[in-house]
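For reference, the chains in residue letters:
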Amino acid sequence: MVKIRLQRAGAKKRPFYRVVAIDERRQRDGRALEFLGTYDPTPAQEVLRLRTDAIEAWVAKGAQLSDSVRSLMKRARKQTPAPAAGAPAAGGAA
């Protein structure tokens, strides 16, 4: 089964994580099927970059999110709210 989970990178006491789609039987830092984003918890304001469309595509194929990635997805959705239903599309003619 494919899982979407964090893969640790970075130096000692300076963690940096990649969000990856990976076979659940592989090691934590094993070869990933696809890189889906990054998460850097160290700065004063943490940096979170996720390709939510690619993550949702993997979930549609049957992949499962780890608990930590599920919470990161919730944060990512709060950072970029969807446009209001009655709002005109960006770049449209007035």
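Source: prediction; values computed, not measured. (Residues numbered from 1 in each chain as written. Predicted model: local features only at pLDDT ≥ 70, side-chain atom pairs only at ≥ 80, totals over all residues. Heavy atoms only, no water.)

(A) Main features of the overall build of the protein. Helix and strand content of the protein: two helices and five strands. Listing every helix and strand of the protein by position from the N terminus yields β-β-β-β-α-β-α. For the protein, with 94 residues in total, the buried portion stands at 30%. Contacts in the protein between residues at least 24 apart in sequence constitute 31% of all its contacts with a sequence separation of at least 6. Accessible surface for the protein amounts to roughly 6,800 Å². Of this, 52% is attributable to carbon and sulfur atoms. (Helix = DSSP H or I, 4+ residues; strand = E, 2+ residues; numbered from the N terminus. Buried < 20%, exposed > 50% of the residue type's maximum accessible area, 1.4 Å probe, protein only. Contact = heavy atoms within 4.5 Å. Areas by Shrake-Rupley, 256 points an atom, 1.4 Å probe, with all protein chains shown as cover.)

(B) Broad picture of helix α1 (residues 52-60). Taken as a whole, α1 has its buried residues at A54, I55 and W58. Angular distribution of buried residues about the axis of α1 spans 100°; they occupy a single face of the element. Away from its buried face by more than 90 degrees, α1 exposes D53 and A60. The inward-facing, buried residues of α1 abut β1 (2-11), β2 (14-23), β3 (34-40), β4 (47-50), β5 (64-65) and α2 (67-79). Remark: G62 follows α1 within two positions and exhibits a positive phi of approximately 115°. (Arc of directions from axis to C-beta.)

(C) Structural detail: the nonpolar core. Counting 17 residues, the largest nonpolar core has I4, V19, L36, L50, I55 and V69 as the members making the most contacts within it. Considering each element in turn, this core owes the most residues, four residues, to α2. Every residue in contact with V69, bar those within four places of it in the chain, is listed here: I4, R5, L6 and V19. (Core = buried A, V, L, I, M, F, W, Y, C linked by side-chain atoms within 4.5 Å.)

(D) Structural detail: the side chain of R5. Tracing the sequence through the fold places R5 in strand β1. Buried within the structure, R5 lacks any salt-bridge partner; E24 is the closest side chain of opposite charge, at an N-O distance of 6.9 Å. For R5, the side chain forms a polar contact with the main-chain oxygen of R26, separated by 2.9 Å. A polar side-chain atom of R5 sits 3.0 Å from the main-chain carbonyl oxygen of Q27. Other than its neighbours up to four places away in sequence, R5 contacts R18, V19, V20, I22, D23, E24, R26, Q27, R28, S66 and V69. (Lys, Arg positive; Asp, Glu negative; His and termini not counted. Salt bridge = Lys/Arg side-chain N within 4 Å of Asp/Glu carboxyl O. Polar contact = N/O pair within 3.5 Å; in protein donor to acceptor, adjacent residues only side chain to side chain.)

(E) View of unusual backbone geometry. With a phi close to 65°, K13 is a non-glycine residue in the positive phi region. If you trace the backbone, K13 turns up in the loop between β1 and β2. Exposure remark for K13: the relative accessible area of 75% places this residue in the exposed category.

(F) Quick peek at the sheet that holds β2. Strand order in the open sheet formed by five strands is β4-β3-β2-β1-β5, and the pairing between neighbours is mixed. Each edge of the open sheet carries a strand with a single partner, namely β4 and β5. Judged from the two bridges that link them, β1 and β5 form a sheet pairing that is parallel. If you follow I4 over to β5, its bridge partner there is L65. Packing against the sheet, α1 makes contact with β1, β2, β3, β4 and β5, and its axis sits at approximately 130° to β3. Lying over the sheet, α2 contacts β1, β2, β3, β4 and β5, oriented at roughly 95° with respect to β4. (Pairing = 2+ DSSP bridges. Axes fitted to C-alpha atoms, helices over the stretch in contact; angles between N-to-C directions.)

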